[in-house]
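Single-letter residue listing:
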Amino acid sequence: MTAASHEVSEHHDEHESTGVENRKLAMWAFLSSEFLFFGALITNYLLYSSRTFEQGPTPAEIYDIPFTSVSSFVLLMSSLTMVLAHNALSRGDQGATRTWLLATAMLGSVFLAGQVFEFTEFITVQGMTMQTNPAASAFFVLTGFHGTHVAIGVIMLLSLFGLSKRMGGLTDKRFLNLELVGLYWHFVDIIWIVIFTVVYLLTAVPGAGG
Amino acid sequence: MTTTTARTTTIFRRPRSETGFWSWITTVDHKKIGIMYGYTAFIFFVIGGVEALLLRIHLASAESTFLTAADYNGLFTTHAVTMIFLVVMPMSAAFMNYLLPLMIGARDVAFPRLNALSYWVFLFGGIFLYSGLIFSSVVPPLGVTPGVTGNLDPSDARSFFGLPDGGWFMYQPNAGPAFSPGRALDFAVLGLQILGIASLLSSVNFIVTFFNLRAKGMRLLRVPVFIWMTLVVAFLLLFSLPIIAIALFMVIFDRQFGTLFFDATAGGDPILWQHLFWLFGHPEVYILILPAMGIVSEIIPVFSRKPLFGYAAVVFAGAGIAFLGFGVWAHHMFASGISTVAQVGFGLTTVAIAIPTGVKIFNWMATLWLGRIRLATPMLFALGFLTMFTIGGLSGVTHAVVPSDWQQHDTYYIVAHFHYVLFGGSILGIFGGLYYWFPKFSGRMLDERLGKIHFWLWMLGFNMTFAPMHWLGLQGMIRRTWRYDPSLEFWNRIVSVGAFIIALGLLVFMWNFYRSKRRGPLAGMDPWDARTLEWSIPNPTPVFNFAEVPVVHGLDEFWHQKYGEDKDGRPVRKDDADSTLTRLQEIGTNPPNPVHLPSPSYFPILMAAGLPLIAYGIIFHLSLFGKALIVVGALLSLAALIGWGSEPLEEAHMEPAHA
Amino acid sequence: MTDEHHLSHPSPAQYVKIAVGLAVLTAIEVALFYINNALGLGWINTAALLTLAFFKFFVVVGWYMHIRYEKAAVSRFFIFGFVLAFSLYGVVLIGLGVLAATR
Amino acid sequence: MAQNRLRRLFLLATLALVVAGCSVIGIPDSPLNSLDPQGPFSRRIDALFWPVFWVATAIFVLVEGAVVIAAIVFRDRPGRPEPRQIHGNNKLEILWTVIPALILASVAVPTVRGVIELTSCGVDAYPVEIIGHQWWFEYRYPEEGIDTATVLVIPAGREVCATMTSEDVLHNYWIPQLNGKRYLVPGQETLLRLQADEPGEYRGQCAEFCGLSHSLMRAEVRAVTEEEFTAWIAAQKEPAAEPAAGTPEAAGRDVFLNRCTQCHTIDPVNVVVEEAFNGPNLTHFMDRGWIAGGYLPYSRENLARWLSNPPDTKPGSYMPDLALTQVEIDALTAYLETLR
Ligand code: HEA
Ligand code: HEA
Ligand code: CUA
Ligand SMILES: [Cu+2]
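Let me sum up the structure you'll find in this document. (Residues numbered from 1 in each chain as written. Chains lettered and ligands numbered in written order. Predicted model: local features only at pLDDT ≥ 70, side-chain atom pairs only at ≥ 80, totals over all residues. Heavy atoms only, no water.)

1. What about the overall build of chain C?
Of regular secondary structure, chain C possesses three helices and zero strands. Reading the secondary structure of chain C in the N-to-C direction produces α-α-α. For chain C, the residues scored as buried account for 44% of the 103 residues in total. For chain C, restricting intrachain contacts to residue pairs at least 6 apart in sequence, the fraction spanning at least 24 positions comes to 54%. Here chain C displays about 5200 Å² of accessible surface, and carbon together with sulfur accounts for 74% of that area. (Helix = DSSP H or I, 4+ residues; strand = E, 2+ residues; numbered from the N terminus. Buried < 20%, exposed > 50% of the residue type's maximum accessible area, 1.4 Å probe, protein only. Contact = heavy atoms within 4.5 Å. Areas by Shrake-Rupley, 256 points an atom, 1.4 Å probe, with all protein chains shown as cover.)

Quick look at the structure:
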C-alpha cells in the first residue's frame, strides 16, 4: 500500500460513511444509470419492431434463435467463472483466480465472436444492414452497444489477468479491482438476459430460427 | 508509514508546481477546479448573452434585415445551448465543486482526478461545440434538381458562421440529415455528448463524496441544503444523462451512418425523439434550478439571522421536485398529438410539482418572517430569486392547464416562462451565490454599492425584457420567429432595450469583480456571520481546507460554535466566540499537523483531450484523416488512462479492514 | 475482504448449482419459444418469458453480484435505477402505442 | 426602505403596464391574438385560461406582497433584538402544502374536462385534410376531391375536423382565434377541430420551428356562409379557364407549361403526378388572395417580386429562382390572374 493511500485512510474514521468503498459505490451508481442507457435502446427496438416497413427484412424475421441461445448460454456461464474468480481471490488462491479470469475473458470473446458472426450473417446473407429500416437500425445499435460493453469487459479482464502476474498479484487493494470488474461483467450479463428474452424471443416471428 | 511512491512506474514525473499556469493544468484540487469552472462558465455567459443581444437587435423591428434567417436560427440555438449547458450547469458545478467538500468538512471530493477530468472534458466539449463555427458549414436543404439554378445560394439561406440551427431541442426530422445537411448540427450533437460525459462523471463523484466523506457527526439531516441539492442534482444527472446520450447517439448515427431512426419516409418516428429528449429535458430544467434553490436556502437564513424554517421539509421538497420531475416530460408535447390519456396524466403530474415548490417558497418566506433582515447584495439577489422565480413558476402552472398550453405552446409566452425561471431563478440565484461566496475564494469583499446597482439594473432590465414577452406570446408572437407582425413592434422594442440594461448590469458586475478581486477590503474570516462550516476556515480557503477535520454536532454547526440561545430562543453570542474564531483562524493558517493532499496529475487533461479528437474523427469519418483522428484520440485517452492507473492512487480513501 | 457481511457468501459449489439453475431456466425459455411457435400461447408466453427473464436477472444480481450481501445503500441505488428505467420507458412505449392499442 | 418601494413599483408597474398598456397606448391587437376567441373551441380554452390566470395572479400578489412586507417590517435596524430561532412549525407547513394542493385540484378538474372535450372531433364534423410542406399548408377536401393551399375555406357555424400530416418535417397548425395548435407529424396523423361563429378571415401561423422560412409559413381560415361554401366548392371543382390564343394570358400559359409544370398543377393544363417537388396547386390561385404560403398579400408587385426570385422573399424556398425575364413575369401575371 502506498504512503498516500495509507495516509488518507487514517482519516477514515472521521467520516460518516456508508461503509462501502468509494470506488465500489461509484460503480454501483454508474451501473444503475446504465439501466436508463440500455432501457432507451431496448425501448427504441421494441417501438420499431412493432411497426412494419416497406424495406425488409426486419431482425425479427431473420433471428437464428438456436445460435443466439448458445451464445446467451456462453455469456451466462461467464458470470459463473467470474464469480468463481472472485471467490478464489477471496480465499487467496492466486492460481485459481487467474484461471477463472482467463476463462471469463475467453467466454466473453466467444460471445463476441458469435456476435460478429451473427452480424456478418445478417448483413451479407440476409441483406439486413443498419440502413435497411428503423428496426434493423435499432437492432444493430442496441446489440452493438452491448457488444461494446462486453468488449470493454474483456479488455478489463485481460488487464486484470496481466496485473495478476505483476507486483504481488491481485491481493490486497487490487481485490477491489477484481470485484469492480466483476460487478461490471455481471451487469453486462443481466442486460443480455433481458435482451435475449425481450428482444430475441419475444419479438421473433414464428418460424424464425426454425 | 513508508514512502513507496517512487516504486510505482509513471510515464511522466509527477507535476509539482503549486502556482502558475501548470498548477492549473494539472490541479486536482476541488477549489481550483471550481474556480476554473466558474471563469469558463462566465466567459460563456458573456458569449451566450451577446448572442441574445444580437437576437434582440434583430427583433427590434418587425421586418429587420439585421440577421439572415439562417443566422437568426443559428443564434437562438447556440444561445440556448450555451446558456443551459455551458453557463448554468457549469456555474452550478463551480459552486458544487468549491463548496461540497467545504460544507461537509472534507479535504476534497472522493475522486479528485476524476473531478479534474470532468472539468477538462467540459472545457473541451464547449470548445469543440464552438469550433463548429469554424469547421462547419450550413447548406440550405437542396430543393432543386440539378440543372435548375437558383436557390442554392439565396442571400438569406446561408449562415455566415457554421451555426447549428435546429433549436436547442433539435426536433427530428428537421435537425436530421435530410433537412439539416452540413456539419453544424453534428458539432452541436457531439459537443453535447461530450458535455454529458463531463456531467455524468461529476455526478458519480459527488454522490460518492456525499455518502462517504461527510465529517464525523454530520448525519444526513445536518447536511446544508445546498449540499442536499447537489446530491439531488447528481441523481438527476445520473438518471437523465444516459437517456439523452442514447438519443444523441441515434441522431449522430442517423446523420453520419445512415440509420433511419427518425426518418419518417422510412418509417422512423419523430415523436420518439420528443419523448427521449424531454425525458431528459425536463429533469434537466430542475438540474438548472435546484442548485440555485440550494444557494438561496443558504443565503436567506444567514441574512435573516434565523435558521431555515422547516429545514427537513425544504430538503424533502427538493428531492420531491426531482422525483416528480421525472414524470412530467410530456408537458412539452401537449400539442404534438399524444393521446388524451397522456395529456391528462401529464397535465396532472405537472401541476403536482407546484406543491413541493410551494413548500420551498413558503418556507423561505417564513424564514424571512420575524427575522432581522440585512439587505446586503447576496440577500437582494436571493429575494430577487424568490419573487421572480415565483412569477415563472406560476406561468408554468398556466401551461400545465393543457388546453391553455395549446394556445401558449411555441409562443413568447413560453419564452417568458422559461426566462423567468432560468434568468429570474437560476441566474439570480447563482449571482447571489457569487456575491455571498466571493470572500470565500478571494479573501476580499465585493463592493456593496456597485452590487446594489447591479441588482437594481437587473431587476429593471430583466422585467423589461421578459415581462412583455407574456403579452407578446398571448398576442400570438410565435417563438423562433425571424419576422413578426408589425403590431407587435412596440413591445419588442421595449424588450430589446431591456436586454441591453441587463448587459449594462453585467458590465457593472464585471467591473466590481475585477476591482474587488485586487483591491477590495479584506474579508476576514466570517464576514457575514454565517452558519455553515465553510466559514469556519480562513479566507481565501487554504489548500488543505480544514487543518483539523471538524466534528459536527448539529445543523448550522458553525453558528452554534458562536451562538447559544437565551430562554426566549434568541441567539446570544458566546463569550468565547471571538476566541474560537481567532483559534480557527490561527490553526487554519498554520496547520498544527502536516497535511497530505492528492498530488496533481497530467493525465486528466490528456485523457479529456482524446474525446474531441474522436468527435472530430466521427464528423470527418469518410476521409482517411477522420479515421486517423478517431484512432489517435482513442489512443491518447487510453494511454492517459493507463498512465492514470499506474500513478499511485492517492485519492482513493481506502477503508481499513476493520471498518 | 472489506465489505461487511450479513450472510456469508455462497461456496463455489453453490455458485455452480446456481449456474446450472440459470442454464435450465434458459433452456426452458428457448423451449417455450418453440412451443409458442407451434401452439401460439399468446400472452401466457409473454408473461412466462418475462417472469423467467426477471427471475434470472434477480438471481444474478442477488447472488453473483452479491447484492443480497451488500449494504442497503447499494441495493437501493440499483433497484431505483431499474425501477425508474422500467417505468419511464414503459410509459414511453405506451405513449407511442406499442403496449396498448390506442395512441 | 426607499429601495423596497422602488422594487415594488418596478414589479407592479411593469406588469400592469404590459397587460393594460396596449389598450392605453392604442396599439392594435395582433391578427394572431389568442385572447380573442371567435369559435366554441377557442372560447372553451379562453374560459379555462382566465380563471387560472387570476388564481396565479392572486398567489403572485400574496407571495410578492409578503416578501416586500417582510423586507420592510423585519429590516435590520439599530436596536432591533435578535430574532427568535424558529426552526419550523408543522401545522403551518402542512397548511401550505394542503392549500396549494386544493387549489391545484380545483384547477385540474376543468383541465381534464377540457382535454377530453377537445381532443376528438364531433361525429358529423366536416372533414378536411391539412398537409404541411416546407413552408406552406396544403388543404384537401376528401369528399370533393379539391386540393388547395394557404387559405382554408370552411362553413361558419359548422365544425370542421382536420386530419393533419406532414410531407417533410414537423409543422404546427395554429389559428389562435379558432383553437389551440396541433403538430403535423410526418408519417402520422393528428386531429384538430376548427369552428368559427361568424363568417370572417382568421389568420394563422405555423408555430413549430420547421427550418429557414418557418416564420413566414402562414395560414388563413376563411369562414363563409353555407351558401357561399357550396358555391365555393362548385367553383373549385371547375377547371381553369383556357385563355384565347394570342392573348398575353396565353403567352403566360405557355411559359407556365415550359417552366412550372415540374411542381405546379393547373387543372387541366398540367397535373403533377410525380410528387417529388410538389408546389401549391394553382388552379384557383386568385381565390386565395395570398402568395407564398400566406406571407405576402396578393398584388401584382408582390407576385412579380415572388416570381423574380422566390428564395429572396422566402429564404430557402423550394421554388427556385427560375431567372424569368420581365416579359415572362408579365405574361405569367396576366395568366395567373385569370385563375379565379
Ligand atoms: C429552471 C427551469 C425551469 C423550471 C424550474 C420550470 C418549472 C416549471 N415549468 Fe417549465 N420550462 C422550462 C424551464 C423550467 N420550468 C423551459 C426551459 C421550458 C421550455 C423548453 C423549450 O420549449 O425550449 C419550459 C416549458 C414548460 C412547459 C411546456 C410549455 C410548452 O412548450 O408548451 C410547461 C408545461 O406544463 C412547463 C411547466 C412548468 C411547471 C408547472 C413548473 C413548476 O415546477 C413551477 C412550480 C413553481 C410554482 C408554481 C411557483 C411557486 C409555488 C407557489 C407559490 C405555491 C402556490 C402555487 C400554486 C397553488 C399554483 N414548463
Ligand atoms: C439560462 C438560460 C438562459 C438565459 C440566461 C437567457 C438569457 C437571455 N435570453 Fe434566452 N433563451 C434560453 C435560455 C436563456 N436565455 C433558451 C433555452 C431559449 C430557447 C431557444 C430555442 O428556442 O431553442 C432562449 C431563447 C431566447 C429568445 C427567443 C428566441 C426565439 O424564439 O426566436 C430570446 C429573444 O428575445 C432570448 C433572449 C434572451 C435575453 C435578452 C437574455 C438576457 O438575459 C441576456 C443578458 C445579456 C447578457 C448577459 C450579455 C452581457 C454582455 C456583455 C456584458 C458584453 C457587453 C458587450 C457588448 C454589448 C458588445 N432568449
Ligand atoms: Cu412549418 Cu414552422
Ligand atoms: Cu418541462
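2. A short note on the packing of helix α3 (residues 69-104) of chain B against helix α5 (residues 184-212) of chain B
All names here are of chain B. Put simply, α3 and α5 touch, their axes get as near as 12 Å, and they point 20 degrees apart. What the angle tells us is that α3 and α5 run roughly parallel. Of the two elements, α3 crosses α5, and the hand of that crossing is left-handed. Contacts from V81, F85, L86, M89, M96, N97, L100 and I104 in α3 reach L192, L195, S199, F206 and T209 in α5. A per-class count over the contact of α3 with α5 returns ten nonpolar, three polar and no charged. (Axes fitted to C-alpha atoms, helices over the stretch in contact; angles between N-to-C directions. Parallel < 35°, antiparallel > 145°, perpendicular 65-115°, else oblique. Left-handed = near helix turned anticlockwise from the far one by under 90°. Nonpolar A, V, L, I, M, F, W, Y, C, P; charged D, E, K, R; others polar.)

3. What about the site of ligand 2?
Residue and element names in this part refer to chain B. Within the structure, ligand 2 sits among 32 residues, and R56, Y72, H79, H419 and R480 are positioned closest to it. A distance of 2.5 Å separates an oxygen atom of ligand 2 from a polar atom in the side chain of Y72. Note that a nitrogen atom of ligand 2 is positioned 2.7 Å from one of the side-chain N or O atoms of H419. Looking at the shell around ligand 2, the elements that each hand over two or more residues are α2 (30-59), α3, α13 (412-442), α14 (448-474) and α15 (489-519). (Near = heavy atom within 4 Å. Polar contact = N/O pair within 3.5 Å; in protein donor to acceptor, adjacent residues only side chain to side chain.)

4. What to know about the interface of chain B and chain D
Opposite the 120 residues of chain B that make contact, chain D presents 106 residues. Summed over the shared surface of chain B and chain D, the result is three salt bridges. A salt bridge links R372 of chain B to D76 of chain D, with the nearest nitrogen and oxygen atoms 2.8 Å apart. The tally of links from chain B across to chain D stands at 26 residue pairs in polar contact (both at pLDDT 80 or more). Here the side of chain B that touches chain D gets eleven residues from one element, more than from any other, and that element is helix α11 (residues 377-400) of chain B. Of the residues that constitute the side of chain B that touches chain D, the class distribution is 66 nonpolar, 36 polar and 18 charged. (Salt bridge = Lys/Arg side-chain N within 4 Å of Asp/Glu carboxyl O.)

5. Comments concerning the sheet that holds strand β6 (residues 171-174) of chain D
Residue and element names in this part refer to chain D. Strand order in the open sheet made by the five strands is β4-β10-β9-β6-β7, with mixed pairing throughout. Since the sheet does not close on itself, it has two edges, and those belong to β4 (151-155) and β7 (182-184), each with one partner. Sheet twist, expressed as the average angle between the axes of neighbouring strands with direction ignored, equals 30 degrees. As judged from the two bridges shared by β6 and strand β9 (residues 200-206), these two strands associate in the antiparallel manner. Across the sheet, residue Y173 finds its bridge partner in β9, namely C206. Its contacts with the sheet put helix α4 (residues 226-237) on β4 and β10 (218-224), and the angle it makes with β4 is roughly 130 degrees. (Pairing = 2+ DSSP bridges.)

Honestly, it's all geometry; don't read function into it.
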